[in-house]
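Each chain is listed here by its residues.
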Amino acid sequence: QVQLAESGGGLVQAGGSLRLSCAASGRTFSRNAMGWFRQAPGKEREVVGIITGSGGSTGYGDSVKGRFTISRDNAKNTLYLQMNSLKPEDTAIYYCAASARLTYTLAYRLGDYDYWGQGTQVTVSS
């Protein structure tokens, strides 16, 4: 059974940092595109950061460019999201996702992903 388990969320003050982790189990995703998405109350789920299977290419949502960094450790089957200079508008549930089909493509669409974690809450206070 494939599972994606996010961790590292919490409450932080504006300007602070958090590092999210997503540990995959049940299969290896070392060649598969993965990503982080977030959903705030009353809003649609949106892309935060995406990465190709090799980790050689990354992409970001416009609102987090220059502040967030996505990375992966394929030996550990783990995905990361380093979040710096956090703002109150970054408050959301953050989800890890993995594609079963895409490898060396940057996958921006929710429909590109086949596996999702349960999410971790990030709250940024002003």
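Predicted, not measured: the structure shown is a model, and the values here were computed from it. (Residues numbered from 1 in each chain as written. Predicted model: local features only at pLDDT ≥ 70, side-chain atom pairs only at ≥ 80, totals over all residues. Heavy atoms only, no water.)

Grouped together as the largest cluster of nonpolar side chains are 26 residues, with contacts concentrated most on Trp-36, Leu-81, Met-83 and Tyr-94. Those elements that provide at least two residues to this core are strand S3 (18-25), strand S4 (34-39), strand S5 (46-51), strand S7 (68-73), strand S8 (78-83), strand S9 (92-98) and strand S11 (120-125). Other than its neighbours up to four places away in sequence, Met-83 contacts Gly-16, Ser-17, Leu-18, Leu-20, Arg-67, Phe-68, Tyr-94 and Val-122. With seven residues, the next largest nonpolar core counts Phe-37, Ile-50, Ala-97 and Ala-107 among its residues. (Core = buried A, V, L, I, M, F, W, Y, C linked by side-chain atoms within 4.5 Å. Buried < 20%, exposed > 50% of the residue type's maximum accessible area, 1.4 Å probe, protein only. Helix = DSSP H or I, 4+ residues; strand = E, 2+ residues; numbered from the N terminus. Contact = heavy atoms within 4.5 Å.)

A few words on the environment of Ala-107. Within the secondary structure layout, Ala-107 lies in the loop between S9 and strand S10 (115-116). Apart from residues no more than four positions distant in its own chain, Ala-107 is found in contact with Ala-33, Phe-37, Ile-50, Leu-102, Asp-112 and Tyr-113.

Glancing now at the side chain of Ser-21. Checked against the element boundaries, Ser-21 lands in strand S3. Take Ser-21: its relative accessible area is 18%, and that puts it in the buried class. Apart from the residues within four sequence positions on either side, Ser-21 is in contact with Ala-5, Glu-6, Ser-7, Trp-36, Thr-78, Leu-79 and Tyr-80.

Before going further, it helps to examine the side chain of Thr-52. With respect to the helices and strands, Thr-52 occurs in the loop between S5 and strand S6 (58-60). Polar contacts involving the side chain of Thr-52 include one to the main-chain amide nitrogen of Gly-56, which spans 3.4 Å. With near-sequence residues (within four places) excluded, Thr-52 lies in contact with Asn-32, Ala-33, Ser-57, Arg-72, Thr-103, Tyr-104, Thr-105 and Leu-106. (Polar contact = N/O pair within 3.5 Å; in protein donor to acceptor, adjacent residues only side chain to side chain.)

Right, let's get into the packing of aromatic side chains. Aromatic ring pairs are defined here through the distance separating the ring centres and the angle between the ring planes. Scanning the model with the defined rule gives four aromatic pairs in all. Consider the rings of Phe-37 and Tyr-113, whose centres lie 5.2 Å apart with planes at 75 degrees: the pair is edge-to-face. Taken together, the residues Phe-37 in strand S4 and Tyr-113 in the loop between S9 and S10 connect sequence positions 76 residues apart. For the pair shown, Phe-37 and Tyr-113 are each scored as buried. Aromatic side chains Tyr-113 and Trp-116 sit 6.0 Å apart centroid to centroid with 65 degrees between the ring planes, which places their arrangement in the edge-to-face category. What links up through ring pairs into an aromatic cluster is the set Phe-37, Tyr-113 and Trp-116. The ring of Tyr-95 has Arg-45 sitting right over it, with the charged end atom 3.7 Å from the ring centre. It is Arg-45 that lies over the ring of Trp-116; its NZ or CZ is 5.0 Å from the centre. (Phe/Tyr/Trp six-rings, centres within 6.5 Å; stacked < 30°, edge-to-face > 60°. Lys NZ or Arg CZ within 6 Å of the ring centre and 35° of its normal.)

All right, on to the sheet that holds strand S1 (residues 3-7) then. Sheets are built from strands that pair by backbone hydrogen bonding, the pairs being arranged parallel or antiparallel. With antiparallel pairing, four strands are arranged side by side in an open sheet as S1-S3-S8-S7. Strand pairing shows two members of the sheet lacking a second neighbour, S1 and S7, which therefore form its edges. Between one strand axis and the next, the sheet turns by 15 degrees as a mean value, whatever way the strands run. (Pairing = 2+ DSSP bridges. Axes fitted to C-alpha atoms, helices over the stretch in contact; angles between N-to-C directions.)

As enumerated under the stated definition, the model contains one disulfide in all. Between Cys-22 and Cys-96 runs a disulfide, and the two sulfur atoms are separated by 2.0 Å. Between Cys-22 and Cys-96, the disulfide has an S-S torsion of -70 degrees and is therefore left-handed. Of this pair, Cys-22 sits in strand S3 while Cys-96 sits in strand S9, and the two are 74 residues apart along the sequence. (Disulfide = S-S within 2.5 Å.)

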